[in-house]
Amino acid sequence: MSLSGSARVPSAGYLRPMKYGPDDQVERDAPEAPFQQLAGILRARVKRGDWKPNRAMPSENALADAYGLSRPTVRRAIAVLTEEGLVYAVSGRGTYVADQKPEQAPEESAPSA
C-alpha cells in the first residue's frame, strides 16, 4: 500500500512549536523532542538577559546536569541557538551569548512619506 493520495503521515511541521519560558523544565512526555524544549528554554533565558552578551553560558555538562539531559542533547539545543544567531561557540572556551539586535522600532519600519 502506498502513502500517496489521501493517506498521509503527519510531517514534523504538523505539530505547532510550543512556547517555553526561562523557568520551564524539560518534560519527557511533551510532544517536542527534549533538545527542542531545551532550545526554547535557553532562548527565553538569553532574551531575559540571564547571560550578558559576549559572556559564557554554563557549560554543556552544567546544562546537562541542570536539566537532566545527556550532553549530545544539550549540544543539539545549542546548535539550534547557534543557527539562529543567539549564541556562538569558541573552540576550547565554551558557548557565548551573541550581541542581540534591538527590536526594530515601529516608526523605523514604516515607509517615509
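Residues numbered from 1 in each chain as written. Predicted model: local features only at pLDDT ≥ 70, side-chain atom pairs only at ≥ 80, totals over all residues. Heavy atoms only, no water.

Within the secondary structure, T95 sits in strand β2 (residues 94-97). Residues contacting T95, with those up to four places away along its chain left out, are R55, A56, M57, I78, V87, Y88 and A89. (Helix = DSSP H or I, 4+ residues; strand = E, 2+ residues; numbered from the N terminus. Contact = heavy atoms within 4.5 Å.)

In low-pLDDT regions, the fine details of the predicted coordinates are not to be read closely. Averaged over every residue, the pLDDT of the chain is 83; residues scoring 70 or more account for 74%. Of the regions scoring below 50 in pLDDT, residues 1-12 engages in one contact with residues more than four places distant in sequence or in other chains. (pLDDT = per-residue confidence, 0-100.)

Here we come to the nonpolar core. Residues L38, L42, M57, L63, Y67, V74 and V87 are the most contacted members of the largest nonpolar core, which totals 21 residues. Broken down by secondary-structure element, the contributors of at least two residues to this core are α1 (34-48), α2 (60-67) and α3 (71-84). If you tally residues by element for this core, the top one is α1, at six residues. Ignoring any residue separated from it by four or fewer positions in sequence, one finds L63 in contact with L42, M57, P58, V74 and I78. (Core = buried A, V, L, I, M, F, W, Y, C linked by side-chain atoms within 4.5 Å. Buried < 20%, exposed > 50% of the residue type's maximum accessible area, 1.4 Å probe, protein only.)

A separate point is the packing of aromatic side chains. As enumerated under the stated definition, the model contains one aromatic pair in all. Taken together, a centroid distance of 5.8 Å and an interplanar angle of 20° make the contact between Y88 and Y96 stacked. Over the ring of F35 we find R76; its NZ or CZ atom is 3.8 Å from the centre of that ring. (Phe/Tyr/Trp six-rings, centres within 6.5 Å; stacked < 30°, edge-to-face > 60°. Lys NZ or Arg CZ within 6 Å of the ring centre and 35° of its normal.)

Along the chain, the position of E60 falls in helix α2. A distance of 3.0 Å separates the side chain of E60 from the side chain of R71, its partner in a polar contact. Non-local contacts of E60, meaning those with residues more than four positions away in its chain, are made with R71, V74, R75 and I78. (Polar contact = N/O pair within 3.5 Å; in protein donor to acceptor, adjacent residues only side chain to side chain.)

It is worth spelling out unusual backbone geometry at this point. Backbone geometry places N54, a non-glycine residue, at a positive phi of 65°. Structurally, N54 is set in the loop between α1 and α2.

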